[in-house]
Amino acid sequence: MSSIWSNCLAKLENEISSSDFSTWIRPLQAVETEGRIRLLAPNRFVLDWVKEHHFAKIEETIHQFADGALILDLEIGSKKPEAPAALKVAQQAETKKQQPNFLNKAFTFDNFVEGKSNQLARAASTQVAENIGKAYNPLLIYGSSGLGKTHLMHAIGNAVLQKNPSASIVYLHSEKFVQDMVKALQQNQINSFKEYYRGLDVLLIDDIQFFAGKERSQEEFFHTFNTLLEKKHQVVLTCDKYPKEIDGLEDRLKSRFGWGLPVSIEPPDMETRAAILMKKADMAHVELPQEVAFFIAKRIPSNVRDLEGALRRVIANAQFTGQKITVEFTKEALHDLISLQDKLVNIDNIQKTVAEYYKIRIADLSSKNRRQSITRPRQIAMSLARELTSHSLPEIGDAFGGRDHTTVINACKRISELKESDVKVAEDYANLLRSLSH
Amino acid sequence: MSMAKQLPLQFVFRANQTFQDFFSGVNSAVVNHLQQCVAGNGEAFIFLWGQTGLGKSHLLHACCHEAQQRKLSCFYFDFNLAQAADSSVHLFNDLETFELVCLDNVEAIAGHADWEQALFNFFNQHRDLGHKLIVSSRTAPKELPVQLPDLKTRLNWGLSLKIQTPDDEGKTAALIYKARRMGLEISPQAGRFLLNRASRDMNSLWGLLDRLDQASLSAQRKLTIPFLKQILDERPG
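Scope of this entry: the structure provided in the associated data block. (Residues numbered from 1 in each chain as written. Chains lettered and ligands numbered in written order. Predicted model: local features only at pLDDT ≥ 70, side-chain atom pairs only at ≥ 80, totals over all residues. Heavy atoms only, no water.)

Observations concerning the environment of Ala 174 of chain B
Residues and elements named next belong to chain B. If you trace the backbone, Ala 174 turns up in helix 5 (residues 168–181). Given a relative accessible area of 6%, Ala 174 falls into the buried group. Once the C-alpha coordinates of Ala 174 and Ser 24 are considered, the two residues, 150 residues apart in sequence, prove to be 8.2 Å apart. (Helix = DSSP H or I, 4+ residues; strand = E, 2+ residues; numbered from the N terminus. Buried < 20%, exposed > 50% of the residue type's maximum accessible area, 1.4 Å probe, protein only.)

A few points about the nonpolar core
Core analysis: the biggest nonpolar cluster contains 59 residues, and Trp 5, Leu 39, Ile 58 and Ile 62 of chain A together with Phe 79, Phe 92 and Leu 103 of chain B have the highest contact counts within it. The dominant element in this core, judged by the number of residues it contributes, is helix 3 (residues 113–128) of chain B, at six residues. Leaving out residues up to four positions away in the same chain, Trp 5 of chain A has contacts with Ile 25, Leu 28, Ala 30, Leu 39, Ile 58 and Ile 62 of chain A. In this structure, Val 38, Ile 46, Leu 194 and Ala 198 of chain B belong to the second largest nonpolar core, which totals 48 residues. (Core = buried A, V, L, I, M, F, W, Y, C linked by side-chain atoms within 4.5 Å. Contact = heavy atoms within 4.5 Å.)

Notes on the pairing of strand 3 (residues 100–104) of chain B
Residue and element names in this part refer to chain B. In terms of residue burial, strand 3 counts as a mostly covered element, since five of its five residues are buried. Taking every second residue as pointing to the same face, both faces of strand 3 are buried, with Leu 100, Cys 102 and Asp 104 on one and Val 101 and Leu 103 on the other. Note that strand 2 (residues 74–78) and strand 3 share five bridges and pair parallel. Bridge pairing links Tyr 76 to Cys 102 in strand 3. Bridge count between strand 3 and strand 4 (residues 132–137): four bridges; the pairing is parallel. (Pairing = 2+ DSSP bridges.)

A word on helix 7 (residues 202–219) of chain B
All names here are of chain B. With 18 residues, helix 7 should reach 26 Å at 1.5 Å per residue; the first-to-last C-alpha distance of 25 Å fits that figure. Turning to helix 7, the residues buried within the fold contact helix 5, helix 6 (188–197) and helix 8 (225–233). Just downstream of helix 7, Gln 220 is the residue with a positive phi angle, here 55 degrees. (Expected span 1.5 Å × (residues − 1).)

Remarks on the packing of helix 8 (residues 174–186) of chain A against helix 3 of chain B
Taken N-terminus to C-terminus, the directions of helix 8 of chain A and helix 3 of chain B make an angle of 95 degrees; their axes are 10 Å apart at the nearest point. With respect to helix 3 of chain B, the element helix 8 of chain A is oriented roughly perpendicular. Every residue of helix 3 of chain B that contacts helix 8 of chain A at Glu 175, Lys 176 and Gln 179 of chain A is listed here: Gln 117, Asn 121 and Gln 125 of chain B. (Axes fitted to C-alpha atoms, helices over the stretch in contact; angles between N-to-C directions. Parallel < 35°, antiparallel > 145°, perpendicular 65-115°, else oblique.)

With respect to the interface of chain A and chain B
Tallying the contact residues gives 55 residues for chain A and 55 residues for chain B. Our count for the chain A to chain B interface comes out at four salt bridges. Where Lys 142 of chain B meets Asp 306 of chain A, a salt bridge forms, and the shortest distance between an N and an O atom there is 2.8 Å. Counting across the interface, chain A meets chain B through 18 residue pairs in polar contact (both at pLDDT 80 or more). Here the side of chain A that touches chain B takes nine residues from helix 14 (residues 304–321) of chain A, the largest share from any one element. (Salt bridge = Lys/Arg side-chain N within 4 Å of Asp/Glu carboxyl O. Polar contact = N/O pair within 3.5 Å; in protein donor to acceptor, adjacent residues only side chain to side chain.)

Overview of the packing of aromatic side chains
Tallying each qualifying case throughout the model produces 25 aromatic pairs over all chains. Ring centres 4.9 Å apart and planes at 70 degrees place the aromatic pair Tyr 196 of chain A and Tyr 197 of chain A in the edge-to-face group. Of the two residues examined, Tyr 196 of chain A and Tyr 197 of chain A, each falls in the buried class. For the pair Phe 75 of chain B and Phe 98 of chain B, a centre-to-centre distance of 5.7 Å together with 50 degrees between the ring planes defines the contact as tilted. Within this pair, whereas Phe 75 of chain B is found in strand 2, its partner Phe 98 of chain B is found in the loop between strand 2 and strand 3, the two being separated by 23 residues in sequence. Cation over ring: Arg 305 of chain A sits above Trp 157 of chain B, and NZ or CZ is 4.4 Å from the ring centre. (Phe/Tyr/Trp six-rings, centres within 6.5 Å; stacked < 30°, edge-to-face > 60°. Lys NZ or Arg CZ within 6 Å of the ring centre and 35° of its normal.)

So, in structure tokens, the structure goes:
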């Protein structure tokens, strides 16, 4: 940091509010040369704001510390190496293999925990990594947020690189593709942009639902996609839903996305959730007792990111206090998270959600009606209450028209069997679990 | 006659917002995790939540201050400013290059599609570069009315830390500590007296501290119990 600027910062810190200082002044980077200081703002917005609200004050302060005349410039830029935008990569096409691929090395097939909910997606991803451009092209992995789509995508990239370190691979989010394209258009470099993306061996694009409504980007992506497929280069995509269900996506893209293999990832069941926690703890070199893993898995039924968030808290608390991780310790560490979960999911809203889902009345769930159109939703609601709340079985039975706790046990057993044998029940249960847990 | 009364300078005293100026008390674990994050030894993403007045903004500024000492590039933004007429999501352009970004009061943009989308894009790019992010909110991430599911799961991903409200003893200690950093001496007895007489939420206590500072400066008196009684009996303002 230049001495004039550091003196200036120290003075300004005491003269303007903390909020203004941290937002507008601290992020400015100073490049000092003889008789001149260039202040670099990260973007146009910050530059304009500083110019309008703080420049006079900065100028005045700088001149207090400078010997003699000094030119002060404010411009957009950064002293640190910028994020290597794909555009810049394109300009150096000859050295592209050395360029960053944005792959996270921590996401591999080895540390991806397989369960019923994701085994097809994992198997397809492994196939793709072993036979790029040949097995399934494009491979489309779809499912709700936080279930491991991105993990599989990075795992494919890492596996391909391990086999062939010179393969040109890029992982990027669809929004980044859009941003890079807009920049390329603005800077008259669209040809380099096209050349770069169309020359990749493997293109991994995350969350393609964000292409919705962006026609120019869809057009460009459509051609990139076709070129890569024609050359038998691999394309892997993820999406939060089956592409045909995305509004604002052109039909020709929807149909092409379905050409290869679309595979879904469902929310993990409790055993898989516990296994994920054990694996993540192991990766952090922390010993997580099995009963603790099951305790967290039962309390956090939604998605893998939520599980990781909870595990982070437990590990951080244990490291700070030096205590051993037990169920009691975990209960305390996750106290507010658990009470929140209990507040969000209770028997009342389970009954309401199930009744709405099956288009029956809430009162039907507590009635003596024994028609299958009522008993099945009732059994599902009881199973959900057992999985998602901490109520005792007699309490659950009581909430469903004063039924005995053995009725609840039978209902849970029946649903557990049906989830294996009846696809419709399995799907309904997964949908309800998802909507209650988010 | 108020002739003897010296007029205080016309600015509100602003205590420095560093870690040293923060009374950790029941929140020592929170402070430790934040310090570890900035030092690069802890979690790269922390979600700090809790009631207003407990010092979330102070801690975010302290993180920025610490980052600056460590020569890290850092950026702070209070989302309460996001709805101002001259604010814009373009603020996020290229911010991913900052090694530490602190975003205060994220609840202010929950439900605002443009800002949610901009934060989501920023989050992904910033994380891909391995940089550190600290976000604060009044509510737990799970309770935020965020509409974009992809953003919601990401906000739940980090280490979420709840900033705790201290008990009365802790509040007294915090008041005495902060007063001392402002150059004011409050005895333990005087501290307990204030806690028994004034509103006990932290925002009110900080407001009271400013009043005490002004009154002490103006009257050139120490903060004794009789003087405190006199100040509390006067209507503020």
